[in-house]
Every structure is written in C-alpha cells, then in structure tokens.
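Analysis of the macromolecular model
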Amino acid sequence: VKPAKATMQNSFAKAITKFTKEDPTLRVKIDSETKETVISGMGELHLEVYIERMVREYNVECITGQPNVSYKETIGSQQ
C-alpha cells in the first residue's frame, strides 16, 4: 500500500498510526528490501475497509496490490 501522491504521505502515516492503535489485528510492516508498506489483517474485506476509511476520513487515495518479492540466488555445489 502506498499513497497515490507523495504529498499525501503525512496523512497516510497519521491514518496508519491511528488505525493500528484502534485495531490490534491490523499490522503494518515496511519491507526492508523492497521499501514497501505491507498491511495485513483478518482478510481482504478487513483491509478494504481500512483503505476506504483512509479515503473517507483522511482524503488519501491509495495504490494497493500484491507485495513484491525479492528473489535471491544462491550458489550450489559444483558437480
């Protein structure tokens, strides 16, 4: 999840902070490798409710989607 415009970053942070204090089942994590804000909760509907609340209460349009995964390559033994 990220705000649609960089100017909405402060309102986005305020909303996320308030929502995580209100609801202990809503968890926010910033992925150290991809620098994405990942929210998790009790299902898709639960997360959609909070995205809608951000729009309604804080006027923050959000871009949502699947989280990116960093692939790592390891070197195996030579045969």
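Use the structure listed above.
Residues numbered from 1 in each chain as written. Predicted model: local features only at pLDDT ≥ 70, side-chain atom pairs only at ≥ 80, totals over all residues. Heavy atoms only, no water.

**Remarks on a negative patch on the surface**
Side chains of E44, E48, E52 and E61 sit close together on the surface and give a patch of like negative charge. For E48, the position within the fold is in helix α2 (residues 44–58). Judged by relative accessible area, which is 40%, E48 ranks as partly exposed. (Patch = residues over 30% accessible without salt bridge, like charges linked within 9 Å, V, L, I, M, F, W, Y side chains within 5 Å. Areas by Shrake-Rupley, 256 points an atom, 1.4 Å probe, with all protein chains shown as cover. Salt bridge = Lys/Arg side-chain N within 4 Å of Asp/Glu carboxyl O. Lys, Arg positive; Asp, Glu negative; His and termini not counted. Charge placed at Lys NZ, Arg CZ, Asp CG, Glu CD. Helix = DSSP H or I, 4+ residues; strand = E, 2+ residues; numbered from the N terminus. Buried < 20%, exposed > 50% of the residue type's maximum accessible area, 1.4 Å probe, protein only.)

**Quick look at the pattern of salt bridges**
Counted by the stated rule, this structure contains five salt bridges. Put simply, E22 and K18 hold a salt bridge, and the shortest N to O gap is 3.8 Å. On the criterion of helical spacing, the pair formed by E22 and K18 is a turn pair, its members being four residues apart in helix α1 (residues 9–22). Its relative accessible area of 39% is what places E22 among the partly exposed residues. With a relative accessible area of 35%, K18 lands in the partly exposed category. The salt bridge partner of E22 is R53, with a shortest N-O separation of 3.0 Å.

**Points about the packing of α1 against α2**
In a packed pair of helices, the relevant descriptors are the angle between the two axes and the axis-to-axis distance. Contact geometry for α1 and α2: axes closest at 10 Å, N-to-C directions at 125°. Our classification of the angle between α1 and α2 gives oblique. Considering the relative orientation of α1 and α2, their crossing is right-handed. Facing α1, whose interface residues are S11, F12, K14, A15, I16, K18, F19 and E22, α2 presents Y50, R53, M54, E57 and Y58. (Axes fitted to C-alpha atoms, helices over the stretch in contact; angles between N-to-C directions. Parallel < 35°, antiparallel > 145°, perpendicular 65-115°, else oblique. Left-handed = near helix turned anticlockwise from the far one by under 90°. Contact = heavy atoms within 4.5 Å.)

**Some details on α2**
With 15 residues, α2 should reach 21 Å at 1.5 Å per residue; the first-to-last C-alpha distance of 21 Å fits that figure. Residues of α2 that are buried include every one of H46, Y50, I51, R53 and M54, and no others. When α2 is viewed along its axis, its buried side chains cluster within an angular range of 155° and face the same direction. Exposed side of α2, more than 90 degrees from the buried face: E44, L45 and R56 are the residues found there. Count one or two residues on from α2 and you reach N59, which has phi positive near 55°. (Expected span 1.5 Å × (residues − 1). Arc of directions from axis to C-beta.)

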